[in-house]
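# A look at the structure
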Amino acid sequence: MAAALGVILPGAAWAQAVGTVNLIKTAAYERLETTDWEELLVQDNVFSNQRVRTPADAALHVVFADGTDFRLGSDSEAVIDSYVYDPATGTGKAVTTLGKGVFRFISGQVKDHTIVTPTATLGIRGTDFYVLVADLTGVLVKTGSVQMRPECNRRDLGSARNRGSSFLNQPFLIEQG
């Protein structure tokens, strides 16, 4: 009910929930732009512009309004930059930034979902895949396809410019960017 009406957040105008915490192993935390880190609980709402993180030996599973499963493994951090979804038409757009850690995405109805890492940008379409963000970005595609473009404004500019983008559409194909 609160998700349908909106929720008042500290330092923010009315905000619409974009998903719900489905599972937490050990602990998980969230922070909006103007707040301190707070513990997340199962069934808590998540919002655009919200940062989420897990400590060591922990996990977090968020389900977005379109059915997308977003999972963070141990010692991981991400920002739900933006998320817009119209359930009447099944269309939407989302951007998520992965800072560090291990992640899994199982995409839902939103077909325009961009994943940004320090070393690559990923476009996903009907996909179940894993991402490891450390010094490089590693992607393992389980089903569907991921388009991976190295970030040219980061380290190792020469090789990033020469590589162009990769289209990963084979199960268990691994690419690093």
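Provided above is the structure to which this section pertains.
Keep in mind it's a predicted model, so treat the numbers as computed, not measured. (Residues numbered from 1 in each chain as written. Predicted model: local features only at pLDDT ≥ 70, side-chain atom pairs only at ≥ 80, totals over all residues. Heavy atoms only, no water.)

## Section: the packing of aromatic side chains
- Under the counting rule described, the total for this entry stands at five aromatic pairs.
- Here the aromatic rings of Phe-70 and Phe-103 are separated by 6.2 Å at their centres, their planes lie at 10°, and the arrangement is stacked. Taken together, the residues span a long stretch of sequence, with Phe-70 in strand 9 (residues 69–72) and Phe-103 in strand 11 (residues 91–106) at a distance of 33 residues.
- When its relative accessible area of 1% is taken as the criterion, Phe-103 is described as buried.
- Each ring, one from Phe-70 and one from Phe-105, has its centre 4.7 Å from the other, and the planes form 25°; the classification is stacked. Highlighted residues: Phe-70 in strand 9 and Phe-105 in strand 11, separated in sequence by 35 residues.
- You can call Phe-70 buried: its relative accessible area is 0%.
- Each member of the aromatic cluster is reached from another via a ring pair, and the members are Phe-64, Phe-70, Tyr-83, Phe-103, Phe-105 and Phe-129.
- Here the guanidinium or amino end of Arg-53 rests over the ring plane of Trp-37, the centre of that ring lying 4.4 Å away. (Phe/Tyr/Trp six-rings, centres within 6.5 Å; stacked < 30°, edge-to-face > 60°. Helix = DSSP H or I, 4+ residues; strand = E, 2+ residues; numbered from the N terminus. Buried < 20%, exposed > 50% of the residue type's maximum accessible area, 1.4 Å probe, protein only. Lys NZ or Arg CZ within 6 Å of the ring centre and 35° of its normal.)

## Structural notes on the environment of Thr-34
- Within the secondary structure, Thr-34 sits in the loop between strand 4 (29–32) and strand 5 (38–39).
- Residue classification places Thr-34 among the exposed residues on the basis of a relative accessible area of 58%.
- Put simply, Thr-34 and Gln-50 are 16 residues apart on the chain and 10.0 Å apart in space, counted from C-alpha to C-alpha.

## Comments concerning unusual backbone geometry
- Of note in the backbone geometry, Asp-57 takes a positive phi value of approximately 60° without being a glycine.
- For Asp-57, the position within the fold is in the loop between strand 7 (50–53) and strand 8 (59–64).
- Since its relative accessible area comes to 58%, Asp-57 is described here as exposed.
- The backbone of Asp-75 sits at a positive phi, close to 50°, despite the residue not being glycine.
- With respect to the helices and strands, Asp-75 occurs in the loop between strand 9 and strand 10 (77–86).
- Overall, Asp-75 belongs to the partly exposed group, its relative accessible area being 39%.

## As for the pattern of salt bridges
- Under the criterion given, the structure shown has four salt bridges.
- For the salt bridge of Arg-71 with Asp-69, the shortest nitrogen-to-oxygen distance reads 3.6 Å.
- A relative accessible area of 28% means that Arg-71 is categorised as partly exposed.
- Here Arg-104 ties to Asp-128 by a salt bridge, and the two come within 2.7 Å at their closest N and O atoms. (Salt bridge = Lys/Arg side-chain N within 4 Å of Asp/Glu carboxyl O.)

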